[in-house]
Structures are given as C-alpha cells and as structure tokens.
Amino acid sequence: MNRSSADDDALPSREHHEGGFRPMTELTAAHEAAKNSDITRGGPHYGQFIEQVRGLMDRVRLASPSDDLAMEAIGMLKQLNDKLDDAMVDEWSTPTWTRFDLPARGNITLPPYTIDHIDKQGLQARLTFRTFHLGGNNAAHGGQIAVAFDDLLGMAAAVHAGAVTRTASLTTDYRSITPLNTDLTAHAWVEQQEGRKLHLRATLHDGERLCAEARALFIVLKVGQP
C-alpha cells in the first residue's frame, strides 16, 4: 500500500521543525499512519541492518581481540564506513523519524524499546538493555537508564502538551539492579503542567520489582526556540 498525502504531511521536514527538535505530535500521527501504510525510509532491510549494528556493539563491549583480529576488524570496519559514507543523509531525512515498526524507531543511541500505549495521560513501553549497555556485574549502566528515561519522558511531555518540549532537568533514582537482556516495563506520565513547565514522573520495572524511577521538568518551546 502506498503512502497517502496525509501520511506524508505527518513526516518531519526542515521547514516545520520548531526549535530544531523532532515534532512529537507529527511523529505520533506518523505512528498511527504507519499502521495502515508502507514504511519506506531505510528500505525493507533497515531493521536487520540496525540489529546487526546492535549486535556489533554488544560484541565489541566484551571483546578482547588478538592483534591479528583487531587489525582485520579495523580493515573491515574502515571499508564498511567508507561504503556507508555514500548512504549518509541529513537529520531531517534519517529513517529514525518514522520507523515505528522498529524498537526505539531504529535509533541505535537508545536502548531498544517498544511503545505499547501512548496518549495525553502518559505512555507504557517495553524495553531491553543490551550487553552494550553494561555498567558492571551484568547490570545496566546508570547513564543508559537515564537516556531511556529522557527519551520516554520527552515523548510523554510532547504528546501531553501537543508541542515540542525540551529537558530542563532530570533526576534518576536507582532502586535496585536493572538487569541486561531482560524484558522490562516503563511508564512515563505528566503529573502537573504550569504554563510552559511540565512536571513528569517515570518508573522502570523488572516484573513487580522497581528498578529505577525518575522525576523531570520539561519546557514547552516557543516557535523557533532552539
């Protein structure tokens, strides 16, 4: 099925970006449109491409290569990087704007997650910290947990406000070990809005066990505000 003009209107462009940030309201519309239309950015193999990159990151995190293997890998990676130079696009054209069919939209800088539900009341998601996110003793790095919270809270804030938002502050409390390679659940929601200020909370659970929680302040950006 081909994309309709309404689907195209939901995609981000340089012209309608407020403050240079991704337009969450438009992304939500693109998410809904994607349920009934093709997802073409990056092509049909983009998900496999991202998964292989994630797999490489996992392996490199624990690798201790011999000199010969290191030199061989360096040569292969240089060749691959040279090839990927031909596929580079600007940030407005990257597939990670629209690939809601993929964990974390295919964004390798984020722990992979899947949104189960999102509306003005908040969002629920499932996520997994991979080997790449190792902090120590098979636990997720605290900074990676904060990265996950920041992205999910930002999405909840923007959908609640119907506008582009930016993080003003984020506090993460680590309540217990967050395991790697385990299906976890996250919940993010707005507790209060005061003008342009949004006060949010988020939790991260392994089953019934609370792993971490966060409090955040997001600011609704003015049109054109960086």
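Every value quoted in this text rests on a predicted model; they were computed, and no experiment measured them.

Trainee: So what about the overall build of the protein? Which residues, and what values?
Mentor: Looking only at helices and strands, the protein has 5 helices and 8 strands in total. Start at the N end of the protein and walk to the C end: the helices and strands fall as α-α-α-α-β-β-β-β-α-β-β-β-β. In the protein, which comprises 226 residues, the share counted as buried stands at 40%. When contacts within the protein are restricted to residue pairs at least 6 apart in sequence, those whose partners lie at least 24 apart make up 67%. Of the roughly 12600 Å² of accessible surface on the protein, 52% is carried by carbon and sulfur atoms.

Trainee: Residues and numbers for the pattern of salt bridges, please.
Mentor: A complete count under the given rule lists 12 salt bridges for this structure. Salt-bridge contacts for Arg105 lead to Asp151; the nearest nitrogen and oxygen are separated by 3.8 Å. Highlighted residues: Arg105 in the loop between helix H4 (67-84) and strand S1 (113-119) and Asp151 in helix H5 (residues 142-161), separated in sequence by 46 residues. Of the two residues, Arg105 and Asp151, both sit in the buried class. With its nearest N and O atoms 3.7 Å apart, the salt bridge here joins Asp173 to Arg175. Among the charged side chains, a network of salt bridges with common partners joins Asp173, Arg175, Glu191, Arg201, Glu213 and Arg215.

Trainee: Tell me about the environment of Leu180, and please be specific about residues and values.
Mentor: You can see Leu180 is positioned in the loop between strand S5 (165-174) and strand S6 (184-194). For Leu180, a relative accessible area of 6% translates into the label buried. Sequence spacing of Leu180 and Ala140 is 40 residues, and the spatial spacing of their C-alpha atoms is 5.7 Å. The contact partners of Leu180, leaving out residues within four places of it in the chain, are Phe129, Arg130, Thr131, His133, Leu134, Asn138, Ala139 and Ala140.

Trainee: For unusual backbone geometry, give the residues involved together with the corresponding values.
Mentor: With a phi angle near 65°, Asn138 is a residue other than glycine that sits in the positive phi range. You can see Asn138 is positioned in the loop between strand S3 (134-136) and strand S4 (139-140).

Trainee: Before we move on, can you summarise the nonpolar core with the specific residues and values?
Mentor: Ranked by size, the top nonpolar core spans 34 residues in total, and within it Phe129, Leu153 and Leu204 carry the most contacts. Those elements giving two or more residues to this core turn out to be S1, strand S2 (122-127), H5, S6, strand S7 (197-206) and strand S8 (209-220). Of all the elements, H5 adds the most residues to this core, at 8 residues.

Conventions and cut-offs
- Residues numbered from 1 in each chain as written.
- Predicted model: local features only at pLDDT ≥ 70, side-chain atom pairs only at ≥ 80, totals over all residues.
- Heavy atoms only, no water.
- Helix = DSSP H or I, 4+ residues; strand = E, 2+ residues; numbered from the N terminus.
- Buried < 20%, exposed > 50% of the residue type's maximum accessible area, 1.4 Å probe, protein only.
- Contact = heavy atoms within 4.5 Å.
- Areas by Shrake-Rupley, 256 points an atom, 1.4 Å probe, with all protein chains shown as cover.
- Salt bridge = Lys/Arg side-chain N within 4 Å of Asp/Glu carboxyl O.
- Core = buried A, V, L, I, M, F, W, Y, C linked by side-chain atoms within 4.5 Å.

Bear in mind that shape data such as this cannot, by itself, settle questions of function.
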